[in-house]
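Tertiary structure, described
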Amino acid sequence: MKPFAFGRPGDVAEAVRTVAAEPAAVYLAGGTNLVDHLKLGVARPDLVVDVRTLTSREISDLPDGGLRLGAGSTNSEVAADRRVRERYPVLAQALLAGATGQLRNMATTGGNPLQRTRCVYFSDVTTPCNKREPGSGCSAVGGYTRYHSVLGVPAALPDADAPETCIASHPSDMAVALAALDAQVQVLGPSGVRTISFPDLHRLPSDDPARDTVLAHGELITAIDLPALPAGTRSAYRKVRDRASYAFALVSVAAVVTGDGPERTVRLGFGGVAHKPWRATRAEELLHGRPLDEHAVRAAMDAELAAAQPQVGIDGGNGFKIPLLTRTVVATLRDLTPRDLTPEATS
Ligand SMILES: Cc1cc2nc3c(=O)[nH]c(=O)nc-3n(C[C@H](O)[C@H](O)[C@H](O)COP(=O)(O)OP(=O)(O)OC[C@H]3O[C@@H](n4cnc5c(N)ncnc54)[C@H](O)[C@@H]3O)c2cc1C
Ligand code: SF4
């Protein structure tokens, strides 16, 4: 492990000033992702600034009926909160589908959405990886792609040697639920505070795969706000993985259904299929105000996945994700709107 200095500032403002002033400084929260990367040599900072006990651990009611999750609240605390379980079951379910009890006791609201990809080449410093070492190439092209993206990737087989290539997927379960909920991220940076809509927090690789989010260096997440939801809103998270626990999503679906009849809105977040938590805006548009029968849901998913691009790989590739994702959306919406998706309704 590369040696680094360790800082424990007095408050969040000092933490932001300290990190902003040192280009090779990083924040440390629960450490369940960062410490692994320090040990593996994937992260090589000169300074690690501990914010674990500086950011708020509170989960508090907002005046408009929403809920504020302090960045220091743990995944266990959020998942166990009665208001979260009753009003935002999609978030409680997503959190409980992630990692293990011990990890969730350490992992935080600020750190979870900022965890890095689980692409095996990203954590293997002996292999080329544009995300870890910009310009070195992408070892995943034609390699192990089971956990990689099918959405937001180039239509043709990506060029392994191009500096912009990255087909990694984002691993957080919590982030998929937060994207579907249209959560708001509260940020403190060197030039003040700002709010980022959660679906805009993460980015596609574009020409800079090393950057996972739109956060500038030194910006600190201080809280994540969950918006008030209309009465009768139903939500759920469904995760498909290689084994029942302790595994990242092959695909996952967060669904939030509000209202009925022509007023019905459906919000869908997908995990395991793109470089960012994917908001299925095309499918949402097609399902607006419609009965959620299987035919309508499959047609909406066909439109959403029209540009999906499976990856070829030595492990058989990841084309299986495309039909699997549609089946997972159908199953999730069936649980939330059983009357729409009964066999009688679909015949
Ligand atoms: C074995 C194992 C299995 C796992 N399984 C799953 C799973 O199934 N699903 C899942 O979603 N996750 C899973 N995880 C990942 C785990 O959820 C994350 O490691 C954890 O949520 C990260 O939170 P943390 O507070 O520990 O972040 P840290 O490790 O402390 O930090 C992560 C990143 O966020 C940055 N950061 C932290 N806090 C802030 C802040 N407030 N503002 C700005 N930047 C910040 C850090 O600089 C770092 O880059 C697993 C992890 C392990 C080790
Ligand atoms: S997919 Fe992204 S993270 Fe994985 S090797 Fe390629 S550039 Fe690196």
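Fair warning: this is a prediction, and the values are worked out from it, not measured in the lab. Every chain is numbered independently, its residues counted from 1 as its sequence is written. The lettering of chains begins at A and the numbering of ligands begins at 1, in the order of writing. Reporting of local features is limited, given that this is a predicted model, to residues whose pLDDT is at least 70; pairs of side-chain atoms are given and counted only at 80 or more, and all residues count toward the totals for whole chains, interfaces and linings. Just so you know, side-chain values use all the structure's heavy atoms and leave hydrogens and water out.

1. Considering the environment of Gly319
Locating Gly319 in the fold gives a position in the loop between α9 (294–304) and α10 (321–336). A 1.4 Å probe rolled over the protein chains alone gives each residue an accessible area, and that area as a share of the maximum for its type sets the label: buried under 20%, exposed over 50%, partly exposed in between. Judged by relative accessible area, which is 30%, Gly319 ranks as partly exposed. Sequence separation of Gly319 and Val193 is 126 residues, and the distance between their C-alpha atoms is 42 Å. Note on conventions: DSSP H or I runs of at least 4 residues are helices, E runs of at least 2 residues are strands, and numbering of each starts at the N terminus.

2. Points about the nonpolar core
Within this scheme, the nonpolar core is defined by two criteria: the residues are buried Ala, Val, Leu, Ile, Met, Phe, Trp, Tyr or Cys, and they are joined through side-chain atoms within 4.5 Å. Leu91, Leu178, Val185, Phe198 and Leu226 are the most contacted members of the largest nonpolar core, which totals 35 residues. Looking at this core, the elements with two or more residues in it are β5 (67–70), α3 (75–80), α5 (89–96), α7 (173–180), β6 (184–189), β8 (220–226) and β10 (251–258). It is α7 that provides the largest number of residues to this core, a total of 7 residues. The residues touching Phe198, leaving out its near neighbours within four places in the chain, are Pro113, Ala175, Leu178, Ala179, Ala183, Val185, Ile224 and Pro277. One finds Leu268, Ala274, Trp278 and Ala296 within the second-largest nonpolar core, a separate group that totals 29 residues. Contacts: residue pairs with any heavy atoms within 4.5 Å of one another.

3. Looking at the site of ligand 1
In the vicinity of ligand 1, 29 residues are found, and the nearest of them are Tyr27, Gly31, Thr32, Thr108 and Asp173. At 3.4 Å from an oxygen atom of ligand 1 is found a main-chain nitrogen or oxygen belonging to Ala247. Only the protein chains shown count as cover for residues, with accessible areas throughout obtained via the Shrake-Rupley method and a probe of 1.4 Å. For ligand 1, whose accessible area on its own is 980 Å², the fraction buried by protein is 92%. Of all the elements in the fold, those that place two or more residues in the shell around ligand 1 are β2 (25–28) and β8. Looking at the shell around ligand 1, its residues break down into 14 nonpolar, 12 polar and 3 charged. Neighbouring residues are identified by heavy atoms, a residue being near a molecule or strand if any of them is within 4 Å of it. Identification of polar contacts relies on pairs of N or O atoms within 3.5 Å, with a donor-acceptor requirement for protein atoms, meaning one able to donate a hydrogen and the other able to accept it, and with residues adjacent in sequence counted only if both atoms are side-chain atoms. Each residue receives one of three labels: charged for Asp, Glu, Lys and Arg, nonpolar for Ala, Val, Leu, Ile, Met, Phe, Trp, Tyr, Cys and Pro, and polar for the others, Gly being one of them.

4. Quick look at the site of ligand 2
Cys119, Cys129, Cys138, Cys166 and Ile167 are the nearest of the 14 residues found near ligand 2. Along the lines of polarity and charge, the residues of the shell around ligand 2 split into 9 nonpolar, 4 polar and 1 charged.

5. Section: the sheet that holds strand β4 (residues 59–61)
What the 5 strands build is an open sheet, ordered β4-β5-β8-β6-β7; its pairing is antiparallel. Where the open sheet ends on each side, the last strands, each with one partner, are β4 and β7 (192–197). Geometrically, the sheet is characterised by an average inter-axis angle of 25° between neighbouring strands, direction not taken into account. Across 4 bridges, the pairing between β5 and β8 is antiparallel. Bridge pairing links Leu69 to Ile224 in β8. Set on the sheet, helix α1 (residues 12–21) makes contact with β6 and β8; between it and β6 the angle comes to about 70°. The pairing criterion for strands is at least two bridges between them, as found by DSSP. Only the stretch in contact is used when fitting a helix axis, every axis being a line fitted to C-alpha atoms; angles between N-to-C directions are given from 0 to 180 degrees.

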